[in-house]
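Fold and geometry: a report
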Amino acid sequence: RIGGQVNIHIPSEEHGVLNVKLRGGAAAAEISAVVPGGAGEKAGLQVADRIVALDDAAISSVPELLETIRRFSPKQTVKVTVIRDGSQLEIPVVLA
């Protein structure tokens, strides 16, 4: 953890990754940066999107998101539910 941000990249071919950086810690899972060319950018995730679910599993914190993402494999498509500008969006993401 550097400067209050957590990189969701998990360096293992066994786990899928979103290629985004998060801020929020225990109270939120808000995107603070999107890696250019990464899975998140390709799917349309944006800075300030707040991730609230991953394939219907509720997400309320960065640790919860990290635990949940470990269940998925690279190239697997997951439904990422975000709050953007007050609206809820479901975005399919092919994990890296």
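In the block above lies the structure referred to throughout.
Right, let's walk through the structure included here. Here the residue numbering is sequential within each chain, running from 1 through the sequence in written order. Where totals are concerned, whole chains, interfaces and linings use all residues; where local detail is concerned, this predicted model gives features only for residues with pLDDT of at least 70, and gives and counts side-chain atom pairs only at 80 or more. To get the side-chain values, take all heavy atoms of the structure and skip hydrogens and water.

1. Side note on the environment of Phe 72
- With respect to the secondary-structure elements, Phe 72 resides in the loop between helix 2 (62–69) and strand 6 (77–84).
- Between the C-alpha atom of Phe 72 and that of His 15, which follows or precedes it by 57 residues, the distance is 5.7 Å.
- Phe 72 has contacts with Glu 14, His 15, Gly 16, Leu 54, Asp 55, Val 78 and Leu 95, leaving out every residue within four places of it along the chain. Put simply, DSSP H or I for four residues or longer makes a helix, DSSP E for two residues or longer makes a strand, and each gets a number counted from the N terminus. Contacts are assigned to residue pairs with any non-hydrogen atoms lying within 4.5 Å of each other.

2. Considering the pattern of salt bridges
- What makes a salt bridge here is a side-chain nitrogen of Lys or Arg within 4 Å of a carboxyl oxygen of Asp or Glu, nothing more. For the coordinates displayed, the defined rule picks out 5 salt bridges.
- Salt-bridge contacts for Arg 23 lead to Glu 30; the nearest nitrogen and oxygen are separated by 2.9 Å.
- For the exposure calls, accessible area comes from a 1.4 Å probe over protein chains only, and a residue counts as buried if that area is under 20% of its type's maximum, exposed if over 50%, partly exposed in between. Arg 23 sits in the partly exposed class, given a relative accessible area of 33%.
- Accessibility expressed as a relative area gives 23% for Glu 30, which makes it partly exposed.
- Among the ionic pairs, Asp 49 bridges to Arg 84, the shortest N-O distance being 2.7 Å. Of this pair, Asp 49 sits in the loop between helix 1 (39–43) and strand 4 (50–54) while Arg 84 sits in strand 6, and the two are 35 residues apart along the sequence.
- Taking the relative accessible area as the measure of exposure, Asp 49 reaches 1% and is therefore buried.
- Connected via shared salt-bridge partners are Asp 56, Lys 79 and Glu 90.

3. Quick notes on the pairing of strand 7 (residues 87–94)
- As judged from the 8 bridges shared by strand 6 and strand 7, these two strands associate in the antiparallel manner. Counterpart to Thr 77 in the pairing with strand 7 is Val 94.
- For two strands to be treated as a pair, DSSP must find at least two bridges joining them. Where strand 6 folds back on strand 7, the antiparallel hairpin that results is connected by 2 residues, among which Asp 85 adopts a positive phi of roughly 50°.

4. Observations concerning helix 2
- Listing the buried residues of helix 2 in full gives Val 62, Leu 65, Leu 66, Thr 68 and Ile 69. Buried residues of helix 2 fall within an arc of 165° about the axis and therefore sit on the same side.
- Two or three places before Glu 64, at the opening of helix 2, Ser 61 has a side-chain oxygen 3.2 Å from that residue's backbone nitrogen. Here the arc refers to the directions that run from the helix axis out to each C-beta atom. We define a polar contact as two N or O atoms separated by no more than 3.5 Å, with the added condition that, inside protein, one atom must be a possible hydrogen donor and the other a possible acceptor, whereas residues neighbouring each other in sequence contribute only through side-chain atom pairs.

5. A word on unusual backbone geometry
- Phi at Asn 19 takes a positive value of approximately 60°, unusual for a residue other than glycine.
- Judged by relative accessible area, Asn 19 falls into the buried class, the value being 12%.
- Positive phi is not limited to glycine here, since Asp 56 has a value of about 70°.
- Position of Asp 56 among the secondary structure elements: in the loop between strand 4 and strand 5 (57–58).
- Owing to a relative accessible area of 62%, Asp 56 belongs among the exposed residues under this scheme.

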